[in-house]
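# Chains, contacts and geometry: an overview
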Amino acid sequence: MLSSILKNQGPGSADTSRKKCLLFWQITGRPAEDCPFCLPAGNSSRPDLNQADCLKILDSFISFLRQNHLRGDLIFAGGDPLLRKDFWDILKAADEYRRAGAIDRIIISGRPFPADGDIVSRLKSADVSQYRFSLHHRPSIYDTWHYRGRFQEVLMSLRELRAARIRTAIKFTLTRSNARELPHILRLAVAEGVSAFNINPLISPANGGNNAEKVLTPLEYRRLLVKVLEFLDTLGAPGHHFSHTLLGAEHLFARLFHELGRWPEYQELISSLGARTSVFSKGLTFFVLSDGAVYPRRLIPVQIGRAPRDSFRQIYESSELLRSLEDEEYTNRKKAGFAKCRACPAVDYCGSMLGNSYQISGSPYAPNPFCWVEPVY
């Protein structure tokens, strides 16, 4: 199937301004253990597709990339992808596409693993670009959320991956109760050679969410970002890559830099990142659940298709919402229609958290729910 797709797909006629496409694939809903921060859509009530259907999804994604002259990234997530017995076969198929130039990066968002060397060796063989962990507390508290020794497992896995020259990333799910832990986890990430760090603020959906007491207010979030920036400023040249990827991934830093009189510095930073800016928030994204349901973003629960029954080409052509989210200029214009965003010099950089905006207001184009700026009418 791989050779036929790569040889037979001719040039497409789609707009070539779409340079990048992301398949964020929750390939299983089975977690290793209960976790308070697992993806809302990821639960064991959704059946996992069989291997044959998973390979069809891969084929369909590669076809879509080829037809439209797009570069692609693939993120395997869950639940825990490593719990699938056939995961290594699916990863091998994805790696064949990568070797053929059809995919740029393969990223895995998973759990720590036993220090037996076998898993790292398989990841290395597949040339996995990055392995992401969730880390949200210091050891004593983190282990109470999971099980005793879990934090140490994360550290050992980070070190094994680093020794194998596989990049690592940490996702920090931010709540009011663990905000004070963030500086500690940041220092640990730098010390362990982590390549990327993502701050993921917990939200309280407008449709009955019960997280309100755990969610930071916008002004609390701003104060925290100031502390993060102060820490990053201390890293100097050795922490250049780590700092820039974190600052590029959380776009509210744009507003903060402007308020602190560092606007030219931020513009230069984003320009230097180029295509390396966070793959999780901008551009064309297909979010696929373990049963094949397709959504335009993780936190925008509007089903736009079902794979592999529907091809990604069919899904793209039938979903106006998906196409609009892909269009940064359109998104920025829609945001600028809100009084809060209209006069903001950072509005063109505020494309992240579209899903969070949707959860709060029902519109992905609404102001970032953690933005502290008061509307100007």
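Everything quoted here is computed from the prediction, not taken from an experiment.

Scoring rules and cut-offs
- Residues numbered from 1 in each chain as written.
- Predicted model: local features only at pLDDT ≥ 70, side-chain atom pairs only at ≥ 80, totals over all residues.
- Heavy atoms only, no water.
- Buried < 20%, exposed > 50% of the residue type's maximum accessible area, 1.4 Å probe, protein only.
- Helix = DSSP H or I, 4+ residues; strand = E, 2+ residues; numbered from the N terminus.
- Pairing = 2+ DSSP bridges.
- Expected span 1.5 Å × (residues − 1).
- Contact = heavy atoms within 4.5 Å.
- Phe/Tyr/Trp six-rings, centres within 6.5 Å; stacked < 30°, edge-to-face > 60°.
- pLDDT = per-residue confidence, 0-100.
- Core = buried A, V, L, I, M, F, W, Y, C linked by side-chain atoms within 4.5 Å.
- Polar contact = N/O pair within 3.5 Å; in protein donor to acceptor, adjacent residues only side chain to side chain.
- Axes fitted to C-alpha atoms, helices over the stretch in contact; angles between N-to-C directions.
- Parallel < 35°, antiparallel > 145°, perpendicular 65-115°, else oblique.
- Left-handed = near helix turned anticlockwise from the far one by under 90°.
- Nonpolar A, V, L, I, M, F, W, Y, C, P; charged D, E, K, R; others polar.
- Salt bridge = Lys/Arg side-chain N within 4 Å of Asp/Glu carboxyl O.
- Right-handed = clockwise from strand over helix to strand, strands pointing away.
- Disulfide = S-S within 2.5 Å.

We now examine the pairing of strand 2 (residues 71-77). Strand 2 sits mainly inside the fold: six of its seven residues count as buried. As paired strands, strand 1 (residues 20-26) and strand 2 are joined by seven bridges and run parallel to one another. Within strand 2, the position partnered with Leu 23 by the bridge is Leu 74. As judged from the four bridges shared by strand 2 and strand 3 (residues 105-109), these two strands associate in the parallel manner.

To continue, consider helix 8 (residues 218-233). Since the α-helix advances by 3.6 residues per turn, residues separated by three or four positions end up pointing in the same direction. With 16 residues, helix 8 extends 22 Å from end C-alpha to end C-alpha; this agrees with the ideal 22 Å at 1.5 Å per step. Where helix 8 is buried, its residues contact strand 5 (167-174), helix 7 (182-191), strand 6 (196-201), helix 9 (240-249) and helix 10 (252-259).

This part covers unusual backbone geometry. The omega torsion of the bond from Gly 78 to Gly 79 falls at 20°, within 30 degrees of zero and hence cis. Tracing the backbone through its elements, the reader meets Gly 79 in the loop between strand 2 and helix 3 (87-99). Of note, the amide linkage connecting Ala 307 to Pro 308 takes the cis form, showing an omega dihedral of 5°. With a phi close to 55°, His 69 is a non-glycine residue in the positive phi region. Residue placement: His 69 occurs in the loop between helix 2 (51-67) and strand 2.

The description of an aromatic ring pair rests on the distance of the ring centres and on the angle between the ring planes. Within this structure, the stated rule accounts for 15 aromatic pairs. When the ring of Phe 24 is compared with that of Phe 287, the centres are 5.4 Å apart and the planes differ by 45°; the resulting orientation is tilted. Pair noted here: Phe 24 is in strand 1 and Phe 287 is in strand 7 (residues 284-288), with a separation of 263 residues, a long-range link. Residue Phe 24 shares its accessibility class with Phe 287, and that shared class is buried.

Below, the discussion takes up the confidence of the model for the chain. Across the chain, the average pLDDT comes to 82, with 81% of residues at or above 70. Segment residues 39-43: pLDDT under 50, and 13 contacts once partners within four positions in sequence are set aside and those in other chains are kept.

All right, on to the nonpolar core then. The biggest cluster of nonpolar side chains holds 99 residues, and the ones touching the most others in it are Trp 25, Phe 76, Leu 91, Leu 123, Phe 197, Phe 253 and Phe 286. Here this core gets eight residues from one element, more than from any other, and that element is helix 8. Once residues lying within four places of it in the same chain are set aside, the contact partners of Phe 197 are Ile 170, Phe 172, Leu 182, Ile 185, Leu 186, Ala 189, Phe 242 and Leu 246. Residues Leu 22, Ile 75, Leu 289 and Ala 293 belong to the second largest nonpolar core, which totals nine residues.

With that out of the way, let us pick up the side chain of Arg 98. Its location among the elements puts Arg 98 in helix 3. For Arg 98, the side chain forms a polar contact with the side chain of Asp 127, separated by 3.2 Å. Residues contacting Arg 98, with those up to four places away along its chain left out, are Ile 103, Asp 104, Ile 106, Ala 126 and Asp 127.

Moving on, we get to helix 16 (residues 354-361). Within helix 16, the full set of buried residues consists of Leu 354, Gly 355, Asn 356, Ser 357 and Gln 359. Buried-residue contacts for helix 16 involve strand 6, helix 13 (320-326) and helix 14 (328-336). Following helix 16 by one or two positions, Gly 362 adopts a phi angle in the positive range, close to 85°.

With that settled, consider the sheet that holds strand 4 (residues 130-134). Read across the open sheet, the nine strands follow the order 6-5-4-3-2-1-7-8-9; overall the sheet is mixed. Each edge of the open sheet carries a strand with a single partner, namely strand 6 and strand 9 (305-306). Looking at chain direction, strand 7 and strand 8 (residues 293-295) are connected through two bridges and run antiparallel. The residue bridging Phe 287 from the neighbouring strand is Tyr 295, located in strand 8. Contacts between helix 9 and the sheet are confined to strand 5 and strand 6, with strand 6 contributing the most and set at about 30° to the helix.

With that out of the way, let us pick up the packing of helix 8 against helix 9. Running from amino to carboxyl end, helix 8 crosses helix 9 at an angle of 160°, the nearest separation of the two axes being 10 Å. Compared by their axis directions, helix 8 and helix 9 come out roughly antiparallel. Here the hand of the crossing between helix 8 and helix 9 comes out left-handed. Along its contact with helix 8, which presents Val 228, Leu 229 and Leu 232, the element helix 9 presents Phe 242, Ser 243, Leu 246 and Leu 247. For the contact of helix 8 with helix 9, the residue count by class is six nonpolar, one polar and no charged.

As a further point, take the pattern of salt bridges. Within this structure, the stated rule accounts for 21 salt bridges. The partner of Lys 56 in a salt bridge is Asp 53, with the nearest N and O atoms 4.0 Å apart. In this pair, Lys 56 and Asp 53 are both assigned in helix 2, three residues apart and thus about one turn of the helix distant. The residue Arg 222 makes a salt bridge to Glu 259 at a minimum N-O spacing of 2.9 Å. Of the two residues, Arg 222 sits in helix 8 while Glu 259 sits in helix 10, which places them 37 residues apart along the sequence.

Right, let's get into the pairing of strand 5. Most of strand 5 sits out of view: seven of its eight residues are buried. Regarding topology, helix 7 serves as the crossover connection from strand 5 to the parallel strand 6, and that connection is right-handed.

Here we take up the state of the cysteines. With the rule as written, the count across this model stands at zero disulfides. Free of any disulfide, Cys 371 has its nearest neighbouring cysteine sulfur in Cys 344, separated by 6.2 Å. With a relative accessible area of 12%, Cys 371 lands in the buried category.

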